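Breakdown of the fold
Residues per chain are reported as follows:
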Amino acid sequence: PLRARVENLNFYYADGFQALRNVSMPILDRQVTALIGPSGCGKSTLLRCYNRMHDLYPGNRYEGSVILEPEGENLIGPDADPVLVRLRIGMVFQKPNPFPKSIYENVAAGLRVRGVRNRALIDEAVETALRRAAIWDEVKDRLDGSAYDMSGGQQQRLCIARALAPNPEILLLDEPTSALDPIATAKVEDLVQELSKDVTVVIVTHNMQQAARISNRTAFMHIGQLMEFDETSKIFTNP
Ligand code: ADP
Ligand code: ADP
């Protein structure tokens, strides 16, 4: 089933530059969709439309719609609250960017934004998210320790746990392994495939092999446009 669809999406940065040109694309439920294409083609720009990240910078402008299914809600419509959209559509960046806080507080952050105050509920959500991100065993004895005292690979899985804690409907990953060594990369790739059993994932990658390894669908972009969208196995067998 369909989880989301972008319809006739145009996006303009504050300087007037049009970075997306009439993009329409489905996102399938509990699949991994990879966004690929040359540097500067608009992958990251498209990813940031799903969670209203662009609203953090004044002057950026959307046209068209980003529909979340099955509700049919337009995430870039006037009724959608960008702060809540960012919790519902979680995001992880290229460089691990934990908050300068404890491991526990990093994962609890989204729940606190949502107004959750009950300590037992937060404890449970933190443990669940850390387990889903396959890092619980490594951190359970040092939840009060600083997130900065972790390896890069651990920090990235912590950032995935932070994004998962509010139970997002979609998880966005913007080149999540480019700053990691091969072992940490393999762990994150395995984790992404495991997570897609119960959460929809959209991943930007410049690594074709990675897209072929871990995605079900691939979108190929070029100069702000969607050139091709298909099952990954079909995209990568085309001559
Ligand atoms: P990709 O992720 O595919 O490398 P981006 O989405 O980062 O590409 O960028 C798409 C285009 O938008 C590029 O031409 C880039 O220079 C431009 N761009 C990115 N950020 C901004 C910005 N803040 N203001 C203006 N143009 C931008
Ligand atoms: P970085 O070193 O990762 O580029 P920046 O502080 O420049 O760090 O920006 C943080 C992120 O926010 C970057 O990934 C960048 O693409 C994005 N960004 C910067 N300016 C804008 C903008 N005007 N609109 C949307 N995203 C932006």
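Before reading further, recall that the structure is shown in the block above.
First, a word on what this report is: a plain description of the structure on this page. (Residues numbered from 1 in each chain as written. Chains lettered and ligands numbered in written order. Predicted model: local features only at pLDDT ≥ 70, side-chain atom pairs only at ≥ 80, totals over all residues. Heavy atoms only, no water.)

1. Remarks on the packing of helix H6 (residues 152–164) against helix H7 (residues 182–195)
- Viewed as axis vectors pointing N to C, H6 and H7 meet at an angle of 20°, and their least axial separation amounts to 9 Å. When the interaxial angle is binned, H6 and H7 end up roughly parallel. Seen along the crossing, H6 lies across H7 with a hand that is right-handed. Residues Gly153, Arg157, Ile160 and Leu164 of H6 form the contact with H7, whose participating residues are Ala184, Lys187, Val188, Leu191 and Leu195.
- Considering only residue class, the contact of H6 with H7 consists of six nonpolar, one polar and two charged. (Axes fitted to C-alpha atoms, helices over the stretch in contact; angles between N-to-C directions. Helix = DSSP H or I, 4+ residues; strand = E, 2+ residues; numbered from the N terminus. Parallel < 35°, antiparallel > 145°, perpendicular 65-115°, else oblique. Left-handed = near helix turned anticlockwise from the far one by under 90°. Contact = heavy atoms within 4.5 Å. Nonpolar A, V, L, I, M, F, W, Y, C, P; charged D, E, K, R; others polar.)

2. A few points about the site of ligand 1
- The local shell around ligand 1 consists of Tyr13, Asp15, Phe17, Ala19, Pro38, Ser39, Gly40, Cys41, Gly42, Lys43, Ser44 and Thr45.
- Here an oxygen atom of ligand 1 and a backbone polar atom of Gly42 are 3.0 Å apart.
- Within the backbone of Ser44, a nitrogen or oxygen atom sits 2.9 Å from an oxygen atom of ligand 1.
- With the chains in place, 62% of the 560 Å² that ligand 1 exposes on its own is no longer accessible. (Near = heavy atom within 4 Å. Polar contact = N/O pair within 3.5 Å; in protein donor to acceptor, adjacent residues only side chain to side chain. Areas by Shrake-Rupley, 256 points an atom, 1.4 Å probe, with all protein chains shown as cover.)

3. Some points on the nonpolar core
- Counting 41 residues, the largest nonpolar core has Val107, Leu130, Ile160 and Leu171 as the members making the most contacts within it.
- Here this core takes six residues from H6, the largest share from any one element.
- Other than its neighbours up to four places away in sequence, Val107 contacts Val126, Ala129, Leu130, Leu158, Ala161, Arg162 and Ala165.
- Counting residues in hydrophobic clusters, the runner-up holds 32 residues, among them Leu75, Val85, Ile89 and Ala219. (Core = buried A, V, L, I, M, F, W, Y, C linked by side-chain atoms within 4.5 Å. Buried < 20%, exposed > 50% of the residue type's maximum accessible area, 1.4 Å probe, protein only.)

4. Regarding H7
- Between its first and last C-alpha, H7 extends 20 Å over 14 residues, near the 20 Å set by a 1.5 Å rise per residue.
- Along H7, the residues that are buried comprise Ala184, Thr185, Val188, Glu189, Leu191, Val192 and Leu195. Angularly, the buried residues of H7 cover 165° about the axis, an arc narrow enough to put them on a single face. More than 90 degrees from the buried face of H7, the exposed residues found are Pro182, Ile183 and Asp190.
- The opening residue of H7 is Asp181, an N-cap whose side-chain oxygen sits 3.0 Å from the backbone nitrogen of Ile183. (Expected span 1.5 Å × (residues − 1). Arc of directions from axis to C-beta.)

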